[in-house]
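# Reading the structure
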Amino acid sequence: MAASRERGWRGAPSVRPEKRRSEPELEPEPEPEPPLLCTSPLSHGTGSDSGVSDSEESVFSGLEDSGSDSSEDDDEGNEEGEDGALSDEGHSGMEKTTEEQVQDGSPGPRTEVASARIGDEYAEDSSDEEDIRNTVGNVPLEWYDNFPHVGYDLDGRRIYKPLRTRDELDQFLDKMDDPDYWRTVQDPMTGQDLRLTDEQVALVRRLQSGQFGDMGFNPYEPAVDFFSGDVMIHPVTNRPADKRSFIPSLVEKEKVGWAGSSLAASMTCGPRRTPTPRWACILGGWGPRLVWEQQEPGERKLSFLPRKFPSLRAVPAYGRFIQERFERCLDLYLCPRQRKMRVNVDPEDLIPKLPRPRDLQPFPTSTGATVTLSGVGPSWGQTVPVGGVVKSVAWNPSPAVCLVAAAVEDSVLLLNPALGDRLVAGSTDQLLSAFVPPEEPPLQPARWLEASEEECQVGLRLRVCHSKPVTQVTWHGRGDYLAVVLATQGHTQVLIHQLSRRRSQSPFRRSHGQVQRVAFHPARPFLLVASQRSVRLYHLLRQELTKKLMPNCKWVSSLAVHPAGDNVICGSYDSKLVWFDLDLSTKPYRMLRHHKKALRAVAFHPRYPLFASGSDDGSVIVCHGMVYNDLLQNPLLVPVKVLKGHALTRDLGVLDVVFHPTQPWVFSSGADGTIRLFT
């Protein structure tokens, strides 16, 4: 019989011991208990399970069918497959044994275990025996709001949150299609949808209606009268009496002493006199009317004469209450308002005191000369055919070099116009011819090409070819480096060329937007890059970003740096000119709105405190911008002259502005094909 039970134990699916910790303690003998819990033919054929109690069924009511123990179920399935023959024999043996016990009337092992479990049902707290696969413990689930998982299972694996991609329409359709939608809730520990059983729904409804959760609980059981009126031998509480119960009360002692002294006084000196009130003492007793009437109104301590009444109920209402309340309301209505002194401000005083423009001379005031590009001939100077549209022109600022850089389509042409001193022009050619190309040319973003003999005769010396069209070219203050801006997107939009070594490099690894203009710092190794929304200041030696200026305009169109290097001006397409003080802040120091249309160019004078701006309205505004050496004194910005002369062509006016290097003159080029000199 024992062998048959053992074979039946091996063939039956095992029950997880961790779900019921008290089961090993309830085993009455070493014989294994799980055969009593398996689904055997005995439960279907003999009908012996009819006497199983509710507590026995509640222990195994589906708590073992969770997904966290799938690996154990697989192992049990394998064992069941291997020992299938043994399980059949075990079932038959169990059936015979049970039938014999029923005939003999002796209790079987199932009855013994069930009775043991019924007796120990409340031996331990079973509130935590739910199928909680989440093992994070009693911690707030808000900690997992920013994580894709909600906890960990028994094996230490993450329990991921279900994907909640359904909107309200999908939820409504599910509500209409699913008849059990009303009984579906979400488990806060695992995030899964759970379907409530009929017993659980009934429990919820009982709790909502204010009833007890247990149906067998009787709230109207007879109460036990612990505190009866009968005298008992032992007290209800064995608390010792307080110390204050043995000490006489100080309040009662004071009352008794006062009563005793009053009684003694009345027996020796007759009836005791009632003390005089304080207000009566102030007026000199009970009869102060004569004294009060003889005093002046200002000398009286009280504004009324006290009266004596037998009781508080005999005190009448205040006679002047209504009159005084009316006078108070009348004072509030007719009270004099505070007189506000009217400030007579002259509008001229609100305008800041600026110096007169004639005190800020010299600056250009009139048109000196006008050159039409279509009529330029040999008498005007040297003409170099480049075979394309010229986007930008820049002279080399070094006095020892005579070079002009011109941006033509996708190339930068370096020209030697041979103007001025012949020794400077000759030394420039010697400098360019002294270059020795390396044996292995490095990989560069641009190609350096020598000019042919025909091109050398017209002044062309070098040609720097790029992959995209060039929109701007500018020189460094020492004349050996020049920076170009390409009409492309990416980190190769800005390139720096070195003339002496004929090398090209891209200083940036990534792009920060469409670059509009670039400029070198006149004294320090800084490069200013103006994008559409900001102006970035880079340190070339440290290779890092130093400052980021925010113009707060749309969009930046032009850029110029003060000769001292501490101030920067930017022009924008929304007709604003922004002045930055690099030592003050990254926000604009002053924003000027003198133009009516978009600004195309801005420029500083290299010697005089002047700066100019050209706009699509066809005007050039010259302003006085004095920068002081004293850091505590702000720059002085005063507009001094509006220069007009360019005609609008296709809604375009002045395209570029540049000052004379030594004279207070300004040159402007317009969309009408003319170059004007204002002196």
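Cut-offs and rules
Residues numbered from 1 in each chain as written. Predicted model: local features only at pLDDT ≥ 70, side-chain atom pairs only at ≥ 80, totals over all residues. Heavy atoms only, no water. UniProt positions renumbered as here; feature names shortened; annotations may be inferred. Helix = DSSP H or I, 4+ residues; strand = E, 2+ residues; numbered from the N terminus. Buried < 20%, exposed > 50% of the residue type's maximum accessible area, 1.4 Å probe, protein only. Contact = heavy atoms within 4.5 Å. Areas by Shrake-Rupley, 256 points an atom, 1.4 Å probe, with all protein chains shown as cover. Polar contact = N/O pair within 3.5 Å; in protein donor to acceptor, adjacent residues only side chain to side chain. Pairing = 2+ DSSP bridges. Axes fitted to C-alpha atoms, helices over the stretch in contact; angles between N-to-C directions. pLDDT = per-residue confidence, 0-100. Phe/Tyr/Trp six-rings, centres within 6.5 Å; stacked < 30°, edge-to-face > 60°. Lys NZ or Arg CZ within 6 Å of the ring centre and 35° of its normal. Patch = residues over 30% accessible without salt bridge, like charges linked within 9 Å, V, L, I, M, F, W, Y side chains within 5 Å. Salt bridge = Lys/Arg side-chain N within 4 Å of Asp/Glu carboxyl O.

The name given to the chain in an unreviewed UniProt entry is Ribosome biogenesis protein BOP1, and the organism recorded there is Macaca nemestrina. Under the UniProt heading Sequence similarities (unreviewed entry), the entry covering the chain gives this text: "Belongs to the WD repeat BOP1/ERB1 family." Quoted straight from UniProt, the Function (unreviewed entry) entry for the chain says "Component of the PeBoW complex, which is required for maturation of 28S and 5.8S ribosomal RNAs and formation of the 60S ribosome."

### Focus: the overall build of the chain
In terms of helices and strands, the chain carries 16 helices and 29 strands. Within the chain, buried positions represent 31% of all 679 residues. Put simply, 47% of the contacts in the chain that link residues at least 6 apart link residues at least 24 apart. Looking at the chain as shown, the accessible area adds up to about 46400 Å², and 53% of this sits on carbon and sulfur atoms.

### Overview of the side chain of H624
Among the secondary structure elements, H624 is positioned in strand β25 (residues 619–626). Within the structure, H624 has its side chain in polar contact with the backbone oxygen of P609 (distance 3.5 Å). Once you skip the residues sitting within four places of it in the chain, H624 turns out to touch L360, P609, L610, F611, L636, L637, V638 and V640.

### What to know about the sheet that holds strand β26 (residues 636–644)
As summarised here, the arrangement of the 4 strands in space is β23-β24-β25-β26, forming an open sheet in which the pairing is antiparallel. Two strands in the sheet have a free side with no partner beyond their single neighbour: β23 (599–604) and β26. Taking the axes of each pair of neighbouring strands and ignoring which way they run, one obtains an average angle of 20 degrees across the sheet. For strand β24 (residues 610–615) and β25, the ladder comprises 5 bridges, and the chain directions are antiparallel. Across the sheet, residue A612 finds its bridge partner in β25, namely V622.

### A look at the confidence of the model for the chain
With 75% of its residues at a pLDDT of 70 or more, the chain has an overall mean of 75. In this model residues 1–119 is a low-confidence stretch, pLDDT under 50, and it forms 91 contacts with partners more than four residues away in sequence or in other chains. Taken together, the stretch residues 276–286 has pLDDT below 50 and engages in 11 contacts with residues farther than four places along the chain or on a different chain.

### A closer look at the UniProt feature "repeat: WD" (unreviewed entry) in the chain
Cross-referencing UniProt, the feature "repeat: WD" (unreviewed entry) maps to residues 592–622 in the present numbering. Taken as a whole, residues 592–622 contains 0% helix and 55% strand, while its terminal C-alpha atoms sit 12 Å from one another.

### Digging into the environment of P661
Secondary-structure assignment places P661 in the loop between β27 (654–659) and β28 (666–670). Taking the C-alpha atoms as reference points, P661 and H605, separated by 56 residues in sequence, lie 7.2 Å from one another. Those residues within four positions of P661 in sequence are excluded, and the remaining contacts are H605, P606 and R607.

### Examining the packing of aromatic side chains
Tallying each qualifying case throughout the model produces 6 aromatic pairs. For the ring pair W579 and F604, a centre distance of 5.6 Å and an interplane angle of 75 degrees mean the geometry is edge-to-face. Taken together, the positions of W579 in strand β21 (residues 577–581) and F604 in strand β23 put the pair 25 residues apart, joining distant regions of the chain. This pair shows no difference in class: W579 is buried, exactly as F604 is. Here the aromatic residues W579, F604 and F611 are joined through ring pairs into a cluster of three or more. The positively charged end of R300 is found above the aromatic ring belonging to W292, 4.1 Å away from the centroid.

### A word on the pairing of strand β11 (residues 470–475)
For β11, the tally of buried residues reaches 5 of 6 residues, placing the bulk of the element in the interior. As judged from the 5 bridges shared by β11 and strand β12 (residues 481–486), these two strands associate in the antiparallel manner. In the strand pairing of β12, T474 is matched with A483. Hairpin connection between β11 and β12: a loop of 5 residues separates the two successive antiparallel strands, and G479 in this loop has a positive phi of roughly 90 degrees.

### Structural notes on the sheet that holds strand β13 (residues 494–498)
One open sheet holds the 4 strands; their spatial order is β11-β12-β13-β14, and the pairing between them is antiparallel. Among the strands making up the open sheet, the edge pair consists of β11 and β14 (503–505). In this sheet, neighbouring strand axes are inclined to one another by 20 degrees on average, regardless of whether the strands run parallel or antiparallel.

### Overview of a nonpolar patch on the surface
The grouping of L169, F172, L173 and M176 at the surface amounts to a nonpolar patch, some 420 Å² of accessible area in total. Inspection of the secondary structure puts M176 in helix α8 (residues 168–177).

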